[in-house]
Amino acid sequence: MRVEKVGFWSWFLQRITGLYLVFGMMVHLVVLPLSGKEITFKSVSQRLSNIWWLIFDISLLATCIYHGFNGIRSVILDYSPSPTADKFIEIGIALIGFLLFFYGIFVLVPFYNK
Amino acid sequence: MGWLKDLKLNRHLGQWAFTLQRITGVLLAIYLIPHILLNSAALIGGDKYYNDITARVQKFHILEIAIVVGVAFHLFNGLRIILIDFFELSRYQKRLLWGAGFFTFLMFLYALVVYIPKILG
């Protein structure tokens, strides 16, 4: 049997973010496309000037990156080569995740009331 | 590869669901990176650049159908896992899996309705 390396919080937060993403992805994939608006720079920046849409997009960005990257981490740890390699991989994944998140924030926030 | 061996040893629907959950999860996480980078670049670039980039990406509507189906399976099967974990419903795992498959199929039909007109138009 494999040794369980992924801890409680990783398991728990994966489910909490997963539940939020059920809502978030339904808005992202169903509500927005069915709203009938064409995706242009104008329509997107108009939507993002609304504080609630901005908060929604940032929350989706954060939960998506956490869920996706923590998922990749758990898959890698399941078949991990060695504890040292695990640490490097974990730090690398976290680093890329944070960079992506702050890049997204840096892009999204200026649209507020632009 | 461990997961291939698992699939060979446990020929149950649940093992397939586990494997598919992993594959869709990893693929979607990888897709997330260019998705965020491309949309960010498009938003930074402003009006003309944005519309140019989105017009180019729209050529890949067939891939978008696959992405919607991948998200749908991962979402509904994930919901099944959460229900089983939190409410101790492992007795109903098979029935829940059929439910997840049914809703995934609905989302596939939805994706066809949304994207086929775009592919043709």
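Since the model is a prediction, treat every value here as computed from it, not as a measurement. Within each chain, residues carry numbers counting from 1 in the order of the written sequence. As a convention, the first chain written is A and the first ligand written is 1, with the rest following in written order. A pLDDT threshold of at least 70 governs which residues receive local features in this predicted model, and a stricter bar of 80 or more applies before side-chain atom pairs are shown or counted, although totals over entire chains, interfaces and linings include all residues.

What follows covers the overall build of chain B. Secondary structure assignment for chain B yields 5 helices and 0 strands. Secondary structure elements are taken from DSSP: a helix is a run of H or I of four residues or more, a strand is a run of E of two residues or more, and numbering for both begins at the N terminus. Shown N-terminal to C-terminal, the secondary structure of chain B runs as helices and strands in the order α-α-α-α-α. We compute the radius of gyration over the C-alpha atoms and compare it with the globule rule, which gives 2.2 Å times the number of residues raised to the power 0.38. The C-alpha atoms of chain B give a radius of gyration of 18 Å, which is well past the 14 Å a tight globule of 121 residues would have. Based on the C-alpha atoms only, the size of chain B along its principal axes is roughly 55 × 30 × 30 Å. Once C-beta atoms are placed from the backbone, each residue is buried if 20 or more other C-beta atoms lie within 10 Å of its own, exposed if 12 or fewer, and partly exposed for counts between those two. The proportion of buried residues among the 121 residues of chain B is 18%. Here, residue contact means that the backbone-derived C-beta atoms of the two residues sit within 7 Å. Considering only contacts within chain B whose residues lie at least 6 apart along the sequence, 66% involve residues at least 24 apart.

This part covers the overall build of chain A. Of the regular secondary structure elements, chain A holds 4 helices and 0 strands. Secondary structure elements of chain A, listed N to C terminal, follow the sequence α-α-α-α. Taking the principal axes of the C-alpha coordinates as reference, chain A spans close to 50 × 25 × 20 Å. Here chain A holds 114 residues, and the buried ones make up 17% of them.

Turning next to the nonpolar core. Core membership is restricted to buried Ala, Val, Leu, Ile, Met, Phe, Trp, Tyr and Cys residues, and these are joined into a nonpolar core through C-beta atoms within 7 Å. Ranked by internal contacts, the top residues of the largest apolar core, which has 19 residues, are A:Ile65, B:Val68, B:Val71, B:Ala72 and B:Phe76. Counting residues per element, this core draws most heavily on helix α4 (residues 61-87) of chain B, which supplies 6 residues. For B:Phe76, the contacting residues outside a window of four places in its chain are B:Ala100, B:Phe103 and B:Thr104.

Turning our eyes to something else, we now look at the interface of chain A and chain B. In many reports, interface size means the accessible area that the parts give up when they come together. Counting residues at the interface gives 23 residues for chain A and 25 residues for chain B. Listing elements by their share of the side of chain A that touches chain B, those giving two or more residues are α1 (8-34), α2 (41-48), α3 (51-78) and α4 (83-108) of chain A. When residues are grouped by polarity, Ala, Val, Leu, Ile, Met, Phe, Trp, Tyr, Cys and Pro land in nonpolar, Asp, Glu, Lys and Arg in charged, and all others, Gly among them, in polar. Taken together, the residues that form the side of chain A that touches chain B break down as 17 nonpolar, 5 polar and 1 charged.

With that settled, the discussion passes to the packing of helix α1 (residues 2-9) of chain B against helix α2 (residues 13-45) of chain B. Residues and elements named next belong to chain B. For every element, the axis is a line fit to its C-alpha atoms; helices are fit only across the contacting stretch, and the angle between N-to-C directions ranges from 0 to 180 degrees. Where α1 contacts α2, the two axes come as close as 9 Å, and the packing angle between them is 160 degrees. The angle between α1 and α2 places the two elements in the roughly antiparallel class. Crossing angle aside, the handedness with which α1 passes α2 is left-handed. Between α1 and α2, the contacting residues are Trp3, Asp6 and Leu7 on the first element and Gln15, Thr19 and Arg22 on the second. Across the contact of α1 with α2, the residue classes break down as 2 nonpolar, 2 polar and 2 charged. To sort the angles, those under 35 degrees are grouped as roughly parallel, those over 145 as roughly antiparallel, those from 65 to 115 as roughly perpendicular, and the leftovers as oblique. Crossings are assigned a handedness: left-handed for a near helix turned anticlockwise from the far helix by less than a right angle, right-handed for a clockwise turn.

Moving on: α4(B). A helix is expected to span 1.5 Å for every residue after the first. For α4(B), with 27 residues, the first-to-last C-alpha span of 38 Å sits near the 39 Å given by 1.5 Å per residue. Every buried residue of α4(B) is listed here: B:Val68, B:Val71, B:Ala72, B:Phe73, B:His74, B:Leu75, B:Phe76, B:Asn77, B:Gly78 and B:Arg80. Where α4(B) is buried, its residues contact α1 of chain A together with α2 and α5 (93-120) of chain B. Positive phi shows up at B:Glu88, right after α4(B), with a value of about 50 degrees.

Here α3(A) is 28 residues long and its end C-alpha atoms lie 40 Å apart, about the 40 Å a rise of 1.5 Å per residue gives. Looking at α3(A), one finds that the buried residues are A:Asp57, A:Leu61, A:Thr63, A:Cys64, A:Ile65, A:His67, A:Gly68, A:Phe69, A:Asn70, A:Gly71 and A:Arg73. The elements touched by buried residues of α3(A) are α1, α2 and α4 of chain A together with α2 of chain B.

This part is about the confidence of the model for chain A. One confidence number per residue, pLDDT, is output by the predictor and ranges from 0 to 100. Per-residue confidence for chain A gives a mean pLDDT of 90, with 95% of residues at or over 70. Within chain A, the element-level pLDDT minimum falls on α2(A), averaging 90, and the maximum on α3(A), averaging 95.

At a closest axis distance of 10 Å, the pairing of α4(A) and α2(B) adopts a crossing angle of 25 degrees. It follows from the interaxial angle that α4(A) and α2(B) lie roughly parallel. The two elements α4(A) and α2(B) meet at a crossing, and its hand is left-handed. Across from A:Leu100, A:Tyr103, A:Gly104 and A:Val107 in α4(A), the residues of α2(B) making contact are B:Ile33, B:Ile36, B:Ser40, B:Leu43 and B:Ile44.

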